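Structure at a glance
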Amino acid sequence: MSKARSSEHDDLAPIREAVRALCADFPGEYWRALDREREYPAEFVAALTKAGFLAGLIPEQYGGSGLNLRAAAAIMEEIHAAGCNGAACHAQMYTMGTILRHGSDAQKKKYLPAIAKGELRLQAFGVTEPTSGTDTLSLRTTAARTNDGYVVNGQKIWTSRAEHSDLLLLLARTTPKDEVKKRTEGLSVFLVDMRQALGKGLTIRPIRTMMNHATTEVFFDDMQVPAENLIGEEGQGFRYILSGMNAERILIAAECIGDAKWFIAKAGAYAKERVLFERPIGQNQGVQFPIARAYAQMRAAELMVQEAARKYDAGEDAGAEANLAKLLAADASWFAADMCVQTHGGFGFAEEYDIERKFRETRLYQVAPISTNLILSYLAEHVLGLPRSY
Ligand SMILES: Cc1cc2nc3c(=O)[nH]c(=O)nc-3n(C[C@H](O)[C@H](O)[C@H](O)COP(=O)(O)OP(=O)(O)OC[C@H]3O[C@@H](n4cnc5c(N)ncnc54)[C@H](O)[C@@H]3O)c2cc1C
């Protein structure tokens, strides 16, 4: 896949090389062993943190490396192209954006340098709830004002990495739905210090999923949150969460591009070496065309990811491109995953080839952090001007 690599921007080559070198210490055996036991890749995350990659988007004034989103996307892409999985820690990179954009000076000074140093982990965010799902504005977790703060009651689901994070970015309702002027108001964002809250109104229960993802459900039972942990203005939380979604979508799209590159490289190599009927299977068009198609889809999606990151970094509205990038990249990685299994025949199902693991991992991105249908709805409504469907 040297051609796939050569499509990359030269100025990012040193970052990409450094990520690749780090990932070389975490080969398939490492991920397979963790996958079997559903264990967290603590050593891998520690290595990324130590190298400063997860603090890439934090500005230099707060101790980060002040990279733009394009460079951050290259980091996530390389992790996945190397066969590793950034899902264990990608949120450490972008969740802090809510504090950076909407937090007070005091909050920025308190949290961002510690996050940049890796002393503080902010890689859990609680938006999704079991009853409301994609319909975020119907979420039921409440934060009621008290004399010195808020008291939180409710439940979140799919709160990934909660057991491996110190802080949780929480979206909760502070004004009942029928009392707000605009339907997008009445939700607020809080920074919950889970080290203090655990056992005092906060319960975390892991959910075992089809891939190793460290996701959980989280319960709040009269959990106290100090007033100073409210981010921005009360009632404006939905807007703050939305403003971080483009970055998240672009970074996850970049992970999908990395996955697609891994599957294409793996399938291409195998198709050249596996000899049947006295010729490599890759000589058959029935085998080579799906690989070529996966490559074409990956390249098209990769260009959209680059365009989305470019617009984001230029401060332009990247909403449409971020959604397009996520849709196309997730489709490209899923097509490539399926193609890779097919190219390997029975061996595609064998654990030791890593394909079945990556296949399970990349499947997630048709559903999270936003499902394909909801992206199509966004494009239909906001780009094509069709009537709102929900
Ligand atoms: C492993 C994993 C990790 C996750 N991590 C996090 C996390 O860290 N934090 C967090 O807050 N959330 C997280 N999520 C939640 C994720 O964002 C949601 O699963 C996703 O947004 C879909 O919501 P849902 O599961 O409630 O599905 P639902 O909203 O119940 O939707 C079910 C299906 O119906 C479709 N659908 C729903 N409404 C419409 C409509 N109007 N038009 C067309 N189709 C529709 C959806 O596309 C979907 O296919 C995670 C999920 C998973 C599986």
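This structure is a prediction, so every number in the text was calculated from the model and none was measured. (Residues numbered from 1 in each chain as written. Predicted model: local features only at pLDDT ≥ 70, side-chain atom pairs only at ≥ 80, totals over all residues.)

1. Section: the site of the ligand
Heads up, the rule is: To decide nearness, the C-beta atom of each residue is placed from the backbone, and the residue is near a molecule or strand if that atom lies within 6 Å of it. Strands are runs of DSSP state E lasting at least 2 residues, helices are runs of H or I lasting at least 4, and numbering of each runs from the N terminus. Note that Gly is not counted as nonpolar here; it falls among the polar residues with everything else outside the nonpolar set of Ala, Val, Leu, Ile, Met, Phe, Trp, Tyr, Cys and Pro and the charged set of Asp, Glu, Lys and Arg.
Surrounding the ligand, one finds 23 residues, the nearest of these being Val-127, Gly-133, Thr-134, Trp-158 and Ser-371. With three residues, helix α14 (residues 372–383) is the largest single contributor of residues to the shell around the ligand. Classifying every residue of the shell around the ligand by side-chain character gives 10 nonpolar, 13 polar and no charged.

2. Focus on the domain arrangement of the protein chain
When the parts of a complex come together, some accessible area is lost, and that lost area is often used as the size of the interface. What counts here: Domain delimitation in this document rests on an assignment produced automatically or drawn from a domain database. In this description, a residue-residue contact is defined by the distance between C-beta atoms placed from the backbone, which must lie within 7 Å.
Along its sequence, the protein chain is carved into domain 1 (2–117), domain 2 (122–236) and domain 3 (239–383). When each unit is reduced to the centre of its C-alpha atoms, the spacing between domain 1 and domain 3 is 19 Å. At the interface, 27 residues of domain 1 touch 28 residues of domain 3. Looking at the side of domain 1 that touches domain 3, its residues break down into 10 nonpolar, 11 polar and six charged.

3. A few points about the nonpolar core
Here is the rule: By our criterion, buried Ala, Val, Leu, Ile, Met, Phe, Trp, Tyr and Cys residues that link up through C-beta atoms within 7 Å make up a nonpolar core. Residues with at least 20 neighbouring C-beta atoms inside 10 Å of their own are called buried, those with 12 or fewer are called exposed, and the rest are partly exposed, where every C-beta is derived from the backbone.
Ranked by internal contacts, the top residues of the largest apolar core, which has 113 residues, are Phe-190, Ile-250, Val-305 and Ala-325. Element by element, the count of residues in this core is highest for helix α10 (residues 237–273), at 18 residues. Those residues within four positions of Ile-250 in sequence are excluded, and the remaining contacts are Leu-69, Ala-73, Val-305, Ala-308, Ala-309, Tyr-312, Ala-322 and Ala-325.

4. Thoughts on unusual backbone geometry
Geometrically, the link from Ala-368 to Pro-369 is a cis peptide bond, its omega value of -5 degrees lying close to zero. Within the secondary structure, Pro-369 sits in the loop between α13 (355–363) and α14. We note that Arg-161 has phi near 65 degrees; this positive angle belongs to a residue other than glycine. With respect to the helices and strands, Arg-161 occurs in the loop between β3 (149–157) and β4 (167–173). The backbone of Asp-354 sits at a positive phi, close to 70 degrees, despite the residue not being glycine.

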